[in-house]
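# Descriptive structure summary
Here is what each chain is made of, one letter per residue.
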Amino acid sequence: SSLSTAAEPWPENAALYQQLKDEQILLSDNASSLAVQAFLQMCNLPVRVICRANAEYMSPSGKLPFIHVGNQVVSELGPIVQFVKAKGHSLSDGLDEVQKAEMKAYMELVNNMLLTAELYLQWCDDVTVEEITHPRYGSPYPWPLNRILSYQKQWEVRRKMKAIEWAGKTLEQVLEDVDQCCHALSQRLGTQPYFFNKPTELDALVFGHLFTILTTQLITDELSEKVKNYSNLTAFCRRIEQQYFGGQEKESPTTAAPPAKRSLLR
Amino acid sequence: MAAPMELSCWGGGWGLPSLHPESLTVMAYAKFSGAPLTVNTINNSWRAPKGDMPVLVSEDTVISQPAKILNFLRKQKYNADYELSAKQGADTLAYIALLEEKLLPALLHTFWIEAENYCSVTKPWFASRIAFPLSLYVPGKMSREALNRILLTKGGPPLYSLTEVEAQIYRDAKECLNLLSKRLGTSQFFFGDTPTTLDAFVFGFLAPIYKVCFPRVQLQEHLKQLPNLCRFCDDILTCYFRLTVSGHSPAGQDTADANLQKLTQLVNKESNLIEKMDDNLRRSPQHPPRKLTTLKLAAGGEESSPMSRLSP
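Here the structure is a predicted model, which is why all the values come from computation and not from measurement.

The rules behind each value
Residues numbered from 1 in each chain as written. Chains lettered and ligands numbered in written order. Predicted model: local features only at pLDDT ≥ 70, side-chain atom pairs only at ≥ 80, totals over all residues. Heavy atoms only, no water. Core = buried A, V, L, I, M, F, W, Y, C linked by side-chain atoms within 4.5 Å. Buried < 20%, exposed > 50% of the residue type's maximum accessible area, 1.4 Å probe, protein only. Helix = DSSP H or I, 4+ residues; strand = E, 2+ residues; numbered from the N terminus. Contact = heavy atoms within 4.5 Å. Pairing = 2+ DSSP bridges. Axes fitted to C-alpha atoms, helices over the stretch in contact; angles between N-to-C directions. Parallel < 35°, antiparallel > 145°, perpendicular 65-115°, else oblique. Nonpolar A, V, L, I, M, F, W, Y, C, P; charged D, E, K, R; others polar. UniProt positions renumbered as here; feature names shortened; annotations may be inferred. Polar contact = N/O pair within 3.5 Å; in protein donor to acceptor, adjacent residues only side chain to side chain. Buried area = accessible area lost by both parts, 1.4 Å probe. Salt bridge = Lys/Arg side-chain N within 4 Å of Asp/Glu carboxyl O. 1 Å grid on protein atoms, 1.4 Å probe; cavity = no way out; pocket = protein on both sides within 12 Å on 5 of 7 lines; lining within 4 Å. Points joined across faces, edges and corners; volume = space filled by probe spheres on them.

### Observations regarding the nonpolar core
- Core analysis: the biggest nonpolar cluster contains 167 residues, and Ile67(A) and Phe203(B) have the highest contact counts within it.
- In terms of residue count, the dominant contributor to this core is helix H3 (residues 86-113) of chain B (16 residues).
- Not counting residues up to four positions away in its chain, the partners in contact with Phe203(B) are Leu24(B), Ala28(B), Pro208(B), Phe232(B), Cys233(B), Ile236(B), Leu237(B) and Phe241(B).
- By size, the runner-up hydrophobic cluster in this structure holds six residues, among which are Ala15(A), Ile50(A), Ala55(A) and Leu64(A).

Take a look at the structure:
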């Protein structure tokens, strides 16, 4: 089947599915979706963003976003990168072995710390859960389904947090971890425009998460303040946004001028 | 000076000071940074483990996870990363994340979930180090926690059965080992000539895979095809853990000792011959041959040490 994948060129009607942008999507899913959009833009592969309330259930792995290309459905950034590579497009081919190892390690760092922190904040911090997550997650559904679905998801996420020993952390510790991660990313980026000499999937992933954190209004500003402490990271986000999302109104992840705070949530 | 620090952790075997990756990481870091730790390995006569190992106790502070313990040691000025640049510090964090995400699931699986390994090696070993009746309960609990962790983090769709999850985590682990091998290349440690936090973590994760003799060893076989990683583990064991003696020696250790005895005798015979030859050369300015009598003192130690002394 990988042969048939490679044989077909990238179709015009490729689509990326995520949840409803204004009412439903949560911080972590928005970050992941933006990362994939950025990656595809960097590869010059056009894709339409389609918002559906049941996107999570349509996804083959239950995780978002997923892309529908030809007759294939692939979800999550890792498999999407592999899929795109099978079609002959790759951003990291020019890297040597040691650089590839480094890129993979930094991508794991972002998943391990930033994504987990986002999940913690939106599902384990009681205030955020009550005021933002529950209303948003269940918004397409009538009562009592909305409450049932969001409690079910919350229980699932909390189980996972417990297994990886994050359940015992306080919010301050989680923010500390975010700071440590941003510090590492900032050090690694330095004064360069990208993490390596040209954009790679790592840049897409970091952009997806940091931009979302910077532009999402939560209960407090603490999370975005952690990222703002590092000026090269905010400049990085601005640069990627202008370069890959600037011209197209439809694909733009923002609805007004950067880098002001925007109410993606609430 | 600093207050005395005590580390409680799981003991060792098969030439390792500890079988438990996290305990091993902390012990390695302490050696690298010169922190004076008193290591108490858990055995039957010790207090039952209260929670997760390893645990560092210093005066009134009790700290329990490796990352936190290392932070504490750094605050006490035992810092193995002193000479690292900021970028190298960032790389350390990234590679540790890689180890946790890609290597740890397979490591847990090899120790705690693979049925043959668990029943014949892991469970008896851990049970023998915990007081009855906890020995009936704790290994099972650790095994369940390991399975839980793997299923929750790696086990979602599209992987629907345990065998598919297992195949995926071993693929990830082998790829991770390959990446580590490429990153290490020919250097002695990951950041040059002195070991750092990253070396402690990599050693902590790799050495148990490398040394413990399991019936099902696909990860160990893959690791043995990466000679620079094996050399990395052996170097740290011989340089930093030369004098460690584990409290209990499993059967494997005993046969190793017997072999070591035989090897020592052979080597000593050789050394007598060499001494006679060397008497003739004594006039020239050369080092006298290193006395090999130190081999007899290396109890429960390295079967590799006589080999390393014989090779120039």
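After that view, the rundown keeps rolling.
### Concerning the pairing of strand E4 (residues 72-75) of chain A
All names here are of chain A.
- Relative to E4, strand E3 (residues 66-69) runs antiparallel, the two sharing four bridges. Across the sheet, residue Val-69 finds its bridge partner in E4, namely Gln-72.
- Between E3 and the antiparallel strand that follows it, E4, lie two residues; Gly-70 among them carries a positive phi value of about 60°.

### Considerations on the packing of helix H8 (residues 171-189) of chain A against helix H11 (residues 231-245) of chain A
All names here are of chain A.
- Packing of H8 against H11 leaves a shortest axis separation of 9 Å and a crossing angle of 75°. Taken as axis vectors, H8 and H11 run roughly perpendicular relative to one another. Facing H8, whose interface residues are Cys-182, Leu-185, Ser-186 and Leu-189, H11 presents Asn-232, Leu-233 and Phe-236.
- Considering only residue class, the contact of H8 with H11 consists of five nonpolar, two polar and no charged.

### Observations concerning the UniProt feature "domain: Metaxin glutathione S-transferase" (unreviewed entry) in chain A
- Per the UniProt record, "domain: Metaxin glutathione S-transferase" (unreviewed entry) is found at residues 179-240 of chain A.
- In the segment residues 179-240 of chain A, helix accounts for 69% and strand for 0%; the C-alpha atoms at its two ends are 21 Å apart.

### Examining unusual backbone geometry
Residue and element names in this part refer to chain A.
- Omega for the peptide link from Leu-64 to Pro-65 comes to 0°, which places this bond in the cis form.
- Inspection of the secondary structure assignment puts Pro-65 in the loop between helix H3 (55-58) and E3.
- The omega angle of the peptide bond from Trp-143 to Pro-144 is 0°, so this bond is cis rather than trans.
- Relative to the helices and strands, Pro-144 is located in the loop between helix H6 (126-137) and helix H7 (145-163).
- The backbone of Glu-165 shows a phi angle near 65°, a positive value even though the residue is not glycine.
- By the element assignment, Glu-165 lies in the loop between H7 and H8.

### Let's talk about the sheet that holds E4(A)
All names here are of chain A.
- Strand order in the open sheet formed by four strands is E2-E1-E3-E4, with mixed pairing between adjacent strands. Two strands in the sheet have a free side with no partner beyond their single neighbour: strand E2 (48-51) and E4. Pairwise comparison of adjacent strand axes, ignoring direction, gives a mean angle of 25° for this sheet.
- Looking at chain direction, strand E1 (residues 15-18) and E3 are connected through three bridges and run antiparallel. Directly across from Leu-16, in E3, lies its bridge partner Ile-67.
- The sheet strands contacting helix H2 (residues 27-42) are E1, E2 and E3, and the helix crosses E1 at an angle near 170°.

### As for the side chain of Thr212(A)
Residue and element names in this part refer to chain A.
- Within the secondary structure layout, Thr-212 lies in helix H9 (residues 201-215).
- Residue Thr-212 is classed as buried on the basis of its relative accessible area, which comes to 1%.
- Of note is the side chain of Thr-212, whose polar atom sits 2.5 Å from the backbone oxygen of Gly-208.
- The contact partners of Thr-212, leaving out residues within four places of it in the chain, are Leu-27, Asn-30, Ala-31, Leu-34 and Phe-207.

### Digging into the interface of chain B and chain A
- Across the boundary between the two partners, chain B contributes 25 residues, which contact 22 residues of chain A.
- Between chain B and chain A lies a buried interface of about 2,300 Å² when both sides are counted; carbon and sulfur atoms form 62% of it.
- Broken down residue by residue, the surface that chain B buries against chain A is led by Leu93(B), Leu152(B) and Lys182(B), which jointly contribute 22%.
- The partner of Lys104(A) in a salt bridge is Glu175(B), and the shortest N-O contact between them spans 3.1 Å.
- The tally of links between chain B and chain A comes to six residue pairs in polar contact (both at pLDDT 80 or more).
- Secondary structure elements with two or more residues in the side of chain B that touches chain A: H3, helix H5 (134-154) and helix H6 (162-184) of chain B.
- Among the elements that take part in the side of chain B that touches chain A, H3(B) stands out by supplying twelve residues, more than any other.
- Looking at the side of chain B that touches chain A residue by residue, the class counts come to twelve nonpolar, three polar and ten charged.

### Here we look at empty space enclosed by the protein
Residue and element names in this part refer to chain A.
- The full count for this structure, using the stated rule, is five cavities of 30 Å³ or more.
- The calculated volume of the second largest cavity comes to roughly 50 Å³.
- Lining the second largest cavity, in full, are Gln-19, Gln-24, Ala-53, Glu-56, Tyr-57, Tyr-137, Tyr-141 and Leu-149.
- Looking at the lining of the second largest cavity residue by residue, the classes come out as five nonpolar, two polar and one charged.

### Section: the sheet that holds strand E1 (residues 5-9) of chain B
All names here are of chain B.
- Strand order across the open sheet formed by four strands is E2-E1-E3-E4, with mixed pairing between neighbours. Of all strands in the sheet, those with a lone pairing partner are strand E2 (37-41) and strand E4 (61-63), marking the two edges. Put simply, the sheet's adjacent strands are angled 20° from each other on average, direction ignored.
- For E1 and strand E3 (residues 55-58), the ladder comprises four bridges, and the chain directions are antiparallel. Opposite Ser-8, over in E3, you have Val-55 as the bridge partner.
- Across the sheet, helix H1 (residues 21-33) lies against E1 and E2, angled at about 150° from E1, the strand it touches most.
- Strands in contact with helix H2 (residues 66-75) are E1, E3 and E4; relative to E4, the strand with the most contacts, it is inclined by about 135°.

### As for the side chain of Ser92(A)
All names here are of chain A.
- Along the polypeptide, Ser-92 turns up in the loop between helix H4 (77-86) and helix H5 (97-124).
- Overall, Ser-92 belongs to the buried group, its relative accessible area being 9%.
- A distance of 3.2 Å separates a polar atom in the side chain of Ser-92 from a polar atom in the side chain of Glu-201.
- With near-sequence residues (within four places) excluded, Ser-92 lies in contact with Lys-100, Met-103, Thr-200 and Glu-201.

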